[in-house]
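Listed below, chain by chain, are the residues.
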Amino acid sequence: MVHVYNCHPFASQRIVPAEQEPGLVCCGGGALFVVSAGGCRIEAYSLRDREEQEGGCPLICRFSTVGSVLSIRHSTVGDYLVTIEEKNKATYLRAYTNWRYQAVEKTRVGVRLLGHLLRGSSFRGAPKEQMEIIEIPLFEPPLCMACCNVTGDLLVGCAKSLVVFSLKRQTLSEQFSVLDFERVLILHIQGWSPSQVAFCAGYVALQTELEVLVVKLTPRQKSSQDSTAEQHSLLPEDIMPETSLDEDAEMKKDGFSPLHEQEDFFLFPKHQEMLGNEAQECGISLVLEWTGMEAESRGDMSVVYILFRRFAPDFFQGCSVEETHLHSLQLHPTFTGKQEEASISKVGEPTCMFVFFSLPNTGYMYSLKSAVELVSTYQYPEKTHQAVLSDQFLYIITRNALQCFTVRCSAVAARVDDPYIDTTMKACPPSTMEVCALRIQLFIGLKVLCQDGNHIVLLTAADVDSKEDIERSARKNTSRKISISKPTEPTDSGHGWNLYVITSVSTLQLYREIVEYSRRYEQSSPSSQSCVHLLSEGHLLLRTALQRGGPDPDPDPEPAERRAQLQQAFQESCAHLGDCFSRFDKKDYHLALPYYKMSGLSVTDVIKRNMFMSSSSNGYGKGFLFFLKHSIYEENMEELSKDMADKVLEIFSVAEPAQLAHVVSSPSMLKADPAGAIALLRQLEAPGAPSITLSLCIASLALRDGDLHTYSQQMDRHAEMLQVYGFIEEPKLLLHGRGKAVLPTTLARHLRDTHKGLLVAAVVALHENSKIRLEEADLFFQELCKNGVVVESSPQLLVDFWEALLVASSLESIIQELLFRLTSVYIDRITCRERSGVKAIKTAEDLINSCSHYGTLYPWVSILTPVQLNVTHEHQEDLLKLQSLLCGPTLEVSSILPLLEQLSDSDATGLSIHVLCATRLGQHHSSIDRLLDRCPQAIISYANHELQNDKLPLWWQKLFPEVCERMRTTGIHNAVLLSALKETLLVAARELNPLEFLDLLPDDGTAHFFLPHLLECCQ
């Protein structure tokens, strides 16, 4: 069902001062082209708005054509006219370029063949301004044609083929260039003759009386399998086998004729719709033949079938079977950016592509890009003659009326262009929303309709009945005999004609009228679907104007000012739609949230609007509550005033009291009255089983109000672990904001001073439950521990959090990040030996006992760094934690090597860390040297722990020679080295055979010292 409204999309009406009755009419590029009924003269009239202000459509120029014009089209790109003409019973295709030069009297006209540029004496010296007529040769008589709105290329439909001509600009000199065409492609059609074609951005649409086919020409990779077929397809058409392309002709030679060629039979096909890949099964074959000079550089092309639709003739309202035929085939591109002026240079790909075609009583619009789908179906109230699709409207003409329907192009394009559409961020009326007729304007005897920008051109004639019969007969003859008849000469019995130019109103003016119109429905029924439908139509009109970035019909304001007005009206329309959906209790109530967000209104403004609406209706709508709840929960919402915050609490206490605990925790509610909020929360307390989150909210409000007694009373009602669960349920009790704007609450600051363990445990739980990211937790603790303007890079509470999170986390990436951070902090503190004096929550022993990433210290490490009395307890703890991490199984030592550069090994502390790292990296030789030089008393303990299994030979290969060498240097009275030597000999005697042991002994050794170990080796 189509909604019919009585809006006024048309602003003014002008009569074109044509001298003779028009036979054909087309428009484009701000001009109207009128072919006289005789068919041999074209008049061009200006459609510019400035001319309208002067009160007419002045003549630009008039010129004669070579033959009688049967069909005419204008291309905005290149600003040329193309005609199908007849002369001496032959049909020709011609293009007229530089036609505007004919405004000067007696201007030269050049006639040339396609591709043959005039380089004679006429172009020597200064360039001559002249109109050119380009003869375009074809193998078959042309039946129909179409110009591409994006590139200016030309598509010509013949009985057995489609021919594509590429528009080019040929430069003849530095100051002069001309337009020309190149035949680049032929599509051979087998068993199908188009009566109408459309062409745009590689999409090709074909139409017969009851069938429509849409394909797309796309490049593809060449393959060896296609080489044979490719060579065949590149042959010129005149030497290709005719049998494969003219099966019907062969049948006729044998005395047979297809059913549709037999006068005594009618073939009634069934309704059929094939979308996407299914359209390949339509039975219509297209064979490509490249003919352009740049065919190789442009690559091989393939035909992708997009859509096939077949209709069965039926008895429609007032239409016989014979009258049932398709008309008004059109491809319509939609751009969502600023479209540059039409030029032959390469332009961007359209965001969306639509195809429209119509039966006498029904019109169909399909979306072709991405998913191929039927967008809109138009049910006309009476038989239509012609239809034209534009960005904002579909115009149709019947016998006596011009009708203006809305379209859904902008709704489809919005979803392709913006991924946030149909989310909680943005919304757009659905593309499946029913269309409506905004206006039915009466005329007498409508014959022809065309449209250019905000101008609609209508040709009327009083003798419509007789001319309809003539046209129907001519169309029937054309489809059966594949020929084109001349336009009918004007008869003496004609009762007159008129050529009108109707200008549409500006988008803003029509939008304001639609808003006023919708208020009638709003007053009678606030939840009326008609009100929403009208406002949605107005919203789509504004969205179209903003998407296309093209000129608006209103010529007065400057472009920047006009766009600002459109944007302001767009936000206003979003606010109106938000108001409508906020009153809804149906399934679409959730749309109030994105529409209000797009309106630019603050939450306070939205609340005031709905307070006013609720006073005149039955309370607050479900859509408003949905918006308010989501807005309150968002972190970036503005802070409400005290009165407004109290009003929000009042609304939720009545509508959704279960949400009060979450509402009062929102950062936007900080100015709400704490006492009043506590009173509302106490009404929700259940006897015997108090809610954890409710108790924490009351405690937070009491703390904000300075009531420490109530705070302590509420906090003591639950154990710490249960309180952690409460913080998980409502994180805003501890922190506000997300990203780089994380701020601690009053409760968090109080816990920092009184209960650090609970605070750290709560934040760890938030992280593990994906309520907060690691970077946000860092900012939270840095802000929490900020002392005036000085911010410590790693405050102790943040380090406590890292240590606690390392215990709880199971993600490898988080674990390695925490290990690196903690190692960096420990090294920095050991190096600087400056601490804030804040005691850590967990000691090194606690971490070793509770966390597998902290390992038990190796015995030799304790010998290297015994407990020192001359350092602080905090410094000793940091050292033990770092050593424990290096003794653990998880830390990747190679990742912290750059950090060791700031730690000197001049003292025992640094030495222990460097030796631990070198040992973890397998550098035992250097570790043995360091220990023998700096702390030989730890060498045996180190060897017993580290030189095992595959490292056992290092006892006699590395350690024994090094000890002997140092004893030669220091003397035999060094008790530490002597003890180390004896221990080394014991291990060597146990592991080596006597000969190997003898080879090990030094030449300058004392026999009585080594003899006992040799005897033990022999035993």
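Residues numbered from 1 in each chain as written. Predicted model: local features only at pLDDT ≥ 70, side-chain atom pairs only at ≥ 80, totals over all residues. Heavy atoms only, no water.

For the chain, the helix and strand inventory stands at 33 helices and 34 strands. Per-residue burial over the chain gives 52% buried out of 1019 residues. Counting contacts in the chain only where the partners sit at least 6 residues apart, residues at least 24 apart contribute 65% of the total. As presented, the chain carries roughly 47000 Å² of accessible surface, and 51% of it is formed by carbon and sulfur atoms. (Helix = DSSP H or I, 4+ residues; strand = E, 2+ residues; numbered from the N terminus. Buried < 20%, exposed > 50% of the residue type's maximum accessible area, 1.4 Å probe, protein only. Contact = heavy atoms within 4.5 Å. Areas by Shrake-Rupley, 256 points an atom, 1.4 Å probe, with all protein chains shown as cover.)

What follows deals with empty space enclosed by the protein. This structure, assessed with the given rule, holds three cavities of 30 Å³ or more. Here the largest cavity defines a volume of roughly 100 Å³. Taken together, 12 residues make up the lining of the largest cavity; nearest its centre are Ala840, His873, Glu874, Glu877 and Lys881. No other element matches the five residues that helix H26 (residues 873-887) contributes to the lining of the largest cavity. A class-by-class count of the residues in the lining of the largest cavity yields one nonpolar, three polar and eight charged. A volume near 60 Å³ is recorded for the second largest cavity. Of all the secondary structure elements, the ones that give two or more residues to the lining of the second largest cavity are helix H5 (409-417) and helix H8 (529-548). With four residues, the top contributor of residues to the lining of the second largest cavity is H8. (1 Å grid on protein atoms, 1.4 Å probe; cavity = no way out; pocket = protein on both sides within 12 Å on 5 of 7 lines; lining within 4 Å. Points joined across faces, edges and corners; volume = space filled by probe spheres on them. Nonpolar A, V, L, I, M, F, W, Y, C, P; charged D, E, K, R; others polar.)

All right, on to the pattern of salt bridges then. Within the structure shown, the criterion is met by 38 salt bridges. Between Arg41 and Glu19 there is a salt bridge, with its nearest N and O atoms 3.9 Å apart. Of this pair, Arg41 sits in strand E5 (residues 41-46) while Glu19 sits in the loop between strand E2 (10-15) and strand E3 (22-28), placing them 22 residues apart in sequence. Judged by relative accessible area, which is 57%, Glu19 ranks as exposed. A salt bridge links Glu132 to Arg112; the nearest nitrogen and oxygen atoms lie 3.1 Å apart. Here Glu132 is found in strand E11 (residues 131-136), whereas its partner Arg112 is found in strand E10 (residues 109-113), with 20 residues between them in sequence. Taken as a pair, Glu132 and Arg112 share a single burial class, namely buried. (Salt bridge = Lys/Arg side-chain N within 4 Å of Asp/Glu carboxyl O.)

Turning next to the environment of His875. With respect to the element layout, His875 can be found in helix H26. With relative accessibility at 6%, the residue His875 sits in the buried group. Along the backbone, His875 and Tyr826 are 49 residues apart, and their C-alpha atoms lie at a distance of 8.9 Å.

If you trace the five strands from one edge of the open sheet to the other, you get E12-E13-E14-E15-E20, paired in antiparallel fashion. Each having just a single partner strand, strand E12 (144-147) and strand E20 (285-290) make up the two edges of the open sheet. The mean angle between the axes of side-by-side strands here comes to 25°, regardless of whether they run parallel or antiparallel. In this sheet, strand E14 (residues 161-171) lies alongside strand E13 (residues 154-157) in antiparallel orientation, the contact comprising four bridges. Opposite Val156, over in E14, you have Val163 as the bridge partner. (Pairing = 2+ DSSP bridges. Axes fitted to C-alpha atoms, helices over the stretch in contact; angles between N-to-C directions.)

Helical geometry note: an α-helix holds 3.6 residues per turn, so side chains three or four residues apart project in the same direction. Under the 1.5 Å per step criterion, the end-to-end length of H26 is 21 Å for 15 residues, consistent within 8% with the ideal 21 Å. What H26 keeps buried is the set His875, Gln876, Glu877, Asp878, Leu879, Lys881, Leu882, Gln883, Ser884, Leu885, Leu886 and Cys887. Next to the buried residues of H26 lie helix H22 (796-808), helix H23 (812-832), helix H24 (844-850), helix H25 (859-864) and helix H27 (908-920). (Expected span 1.5 Å × (residues − 1).)

This next bit is on the packing of helix H10 (residues 592-599) against helix H12 (residues 622-633). The contact between H10 and H12 brings their axes to 8 Å, and the two run at 65°. When the axes of H10 and H12 are compared, the crossing they make is right-handed. Of H12, the residues touching H10 (which contributes Ala592, Leu593 and Tyr596) are Gly623, Phe626, Phe627, His630 and Ser631. In terms of residue class, the contact of H10 with H12 is built from five nonpolar, three polar and no charged. (Left-handed = near helix turned anticlockwise from the far one by under 90°.)

What follows covers the confidence of the model for the chain. Averaged over every residue, the pLDDT of the chain is 82; residues scoring 70 or more account for 83%. Helix H20 (residues 756-768) holds the highest mean pLDDT among the elements of the chain, 95, whereas helix H2 (residues 227-233) holds the lowest, 41. When the criterion is pLDDT under 50, residues 338-343 qualifies, and its contacts beyond four places in sequence or with other chains add up to seven contacts. The low-confidence segment residues 550-556 (pLDDT under 50) makes 17 contacts with residues lying over four places distant or belonging to another chain. (pLDDT = per-residue confidence, 0-100.)

Together, Val4, Ile440 and Leu442 give the surface a local cluster of nonpolar side chains, amounting to about 300 Å² of exposed area. Tracing the chain through its elements places Val4 in strand E1 (residues 3-4). (Patch = residues over 30% accessible without salt bridge, like charges linked within 9 Å, V, L, I, M, F, W, Y side chains within 5 Å.)

Moving on to the packing of aromatic side chains. Tallied over the entire structure, the rule returns 22 aromatic pairs. Taking NZ or CZ as reference, Arg309 lies 4.8 Å from the ring centre of Tyr364, over its face. Sitting over the ring of Tyr517, Arg520 keeps its end group 4.5 Å from the ring centre. (Phe/Tyr/Trp six-rings, centres within 6.5 Å; stacked < 30°, edge-to-face > 60°. Lys NZ or Arg CZ within 6 Å of the ring centre and 35° of its normal.)

With that settled, consider the sheet that holds strand E25 (residues 373-379). In space, the four strands of this open sheet follow the order E22-E23-E24-E25, with antiparallel pairing throughout. With partners counted over all chains shown, the strands left at the sheet margins are strand E22 (327-334) and E25, one partner each. The average angle at which neighbouring strand axes cross in this sheet is 15°, direction not considered. Bridging between strand E24 (residues 362-367) and E25 involves six bridges; their strand directions are antiparallel. Within the sheet, the bridge partner assigned to Gly363 lies in E25 and is Tyr378.

This part is about the pairing of strand E17 (residues 203-207). Working note: regular strand, side chains alternate between the two faces of the sheet. Burial of E17 is extensive: five of the five residues sit out of reach of the surface. The alternating pattern of E17 places Tyr203, Ala205 and Gln207 on one face and Val204 and Leu206 on the opposite face, and all of these are buried. Two elements, strand E16 (residues 196-200) and E17, share five bridges in a ladder whose sense is antiparallel. Following the sheet pairing, Val197 is matched in E17 by Leu206. Remark: two residues form the turn of the hairpin made by E16 and E17, two consecutive strands paired antiparallel; Ala201 in that turn has positive phi of roughly 50°. Where E17 lies against strand E18 (residues 211-219), five bridges are found, and the strand directions are antiparallel. Residue pairing across strands places Leu206 opposite Leu213, the latter belonging to E18. The antiparallel hairpin formed by E17 and E18 contains three residues in its connecting segment.

Right, let's get into the nonpolar core. A general tendency of soluble globular proteins is for nonpolar side chains to be buried together. In terms of nonpolar packing, the biggest core is built from 158 residues, with Leu759, Phe781 and Phe801 touching the most fellow members. Among the elements that line this core, the one with the most residues is H23, at nine residues. Among residues more than four places away in sequence, those in contact with Phe801 are Val760, Val763, Val764, Leu774, Ala777 and Phe781. Residues Val184, Leu213, Val303 and Leu359 belong to the second largest nonpolar core, which totals 55 residues. (Core = buried A, V, L, I, M, F, W, Y, C linked by side-chain atoms within 4.5 Å.)

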